[in-house]
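Listed here are the chains, written in short residue letters.
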Amino acid sequence: MTRRAAEIRLDALLRTACDVIVERGLANTRTADVANAAGVSQALVFYHFATKERLLAQAFAYAVEQDLARLDAVTRSSAPPLTKLRRILKLYTPAGRATSWSMWIDGWSESLRTPELEKVSRRLDLRWRQDLAAVITAGVADGTFQCADADGAAWRISAVMDGLAVQLAVHDRVISRRQFGEWVRLVTARELGLDPADLD
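Here's a quick rundown of the structure.

What counts as what
Residues numbered from 1 in each chain as written. Predicted model: local features only at pLDDT ≥ 70, side-chain atom pairs only at ≥ 80, totals over all residues. Heavy atoms only, no water. Phe/Tyr/Trp six-rings, centres within 6.5 Å; stacked < 30°, edge-to-face > 60°. Helix = DSSP H or I, 4+ residues; strand = E, 2+ residues; numbered from the N terminus. Buried < 20%, exposed > 50% of the residue type's maximum accessible area, 1.4 Å probe, protein only. Lys NZ or Arg CZ within 6 Å of the ring centre and 35° of its normal. Core = buried A, V, L, I, M, F, W, Y, C linked by side-chain atoms within 4.5 Å. Contact = heavy atoms within 4.5 Å. Salt bridge = Lys/Arg side-chain N within 4 Å of Asp/Glu carboxyl O.

## Structural notes on the packing of aromatic side chains
Now for step 1: Scanning all chains against the criterion turns up three aromatic pairs.
Now for step 2: When the centroid spacing of 5.8 Å and the interplanar angle of 45° are considered together, the rings of Trp104 and Trp108 count as tilted. Residue Trp104 and its partner Trp108 are located together in helix α6 (residues 99-111), separated by four residues, close to a single helical turn.
Now for step 3: Under the relative-accessibility criterion, Trp104 is labelled buried at 4%.
Now for step 4: The class for Trp108 is partly exposed, based on a relative accessible area of 24%.
Now for step 5: Taken together, Phe60, Trp104 and Trp108 form an aromatic cluster joined through their ring pairs.
Now for step 6: If you follow Arg129 out to its NZ or CZ, it ends over the ring of Trp155, 5.1 Å from the centre.

Set out below in structure tokens:
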């Protein structure tokens, strides 16, 4: 197998693993399930990942990296901090079947029992907070936001979004997307000295 063919096959296996994980959950996904769904041998799955834990951790990272790529596009843009903040809040809101959020929620849960997954989860989770804090810091520097503790504000805003997103993704009709958006804008505005309408 050429290196390029191996990379293509690895990418296909990770995409398939993500689909299987969303359907079965991290705890119930077996390497045999991924191999069957991908139409390959279980030996090939172990060739790429060595252990089930590594497969799950890499599939989780692969799924979350898609979210982080969208976050990077926002943070690296030349848009002003307020525009970046609005876009980050929109990115964080669960949409449709909330496949991405189901992976995050499942990843957090399994991280309690799987050290390899916990390392990946922690690294990716912290990226969101760091990027949000950087946008807040830039907004404070240009006078758009008023905030004495950008890191603390990023953690508090993220904590509210995480909690509400779990409710929205897991519990049907407990809160609406409209309520999610309103409450996140309210909390964010209070943290940064804005009017919630500024975040519409």
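## Some remarks on the nonpolar core
Nonpolar side chains in soluble globular proteins generally cluster together in the buried interior.
Now for step 1: If you look at the biggest cluster of nonpolar residues, it comprises 57 residues, and the most contacted ones within it are Leu85, Leu124, Ile136, Leu192 and Leu194.
Now for step 2: Counting residues per element, this core draws most heavily on helix α4 (residues 52-75), at 12 residues.

## Some thoughts on the side chain of Glu191
Now for step 1: Counting through the fold element by element, Glu191 comes out in helix α9 (residues 177-192).
Now for step 2: For Glu191, a relative accessible area of 19% translates into the label buried.
Now for step 3: When residues no more than four places from it in sequence are discounted, the contact partners of Glu191 are Gln146, Cys147, Ala153, Arg156 and Ile157.

## Regarding the pattern of salt bridges
Now for step 1: Under the criterion given, the structure shown has 14 salt bridges.
Now for step 2: Where Arg123 meets Glu65, a salt bridge forms, and the shortest distance between an N and an O atom there is 3.6 Å. Placement of the pair is Arg123 in helix α7 (residues 115-141) and Glu65 in helix α4, with a sequence separation of 58 residues.
Now for step 3: Arg123 gets classed as partly exposed once you look at its relative accessible area, which sits at 45%.
Now for step 4: In this structure, Arg129 engages Asp162 in a salt bridge whose closest nitrogen and oxygen atoms are separated by 2.4 Å. Here the residue Arg129 occupies a position in helix α7, and Asp162 occupies one in helix α8 (residues 150-170), the gap between them amounting to 33 residues. Residue Arg129 shares its accessibility class with Asp162, and that shared class is buried.
Now for step 5: It is possible to trace a salt-bridge network through shared partners that takes in Arg24, Arg30 and Asp33.

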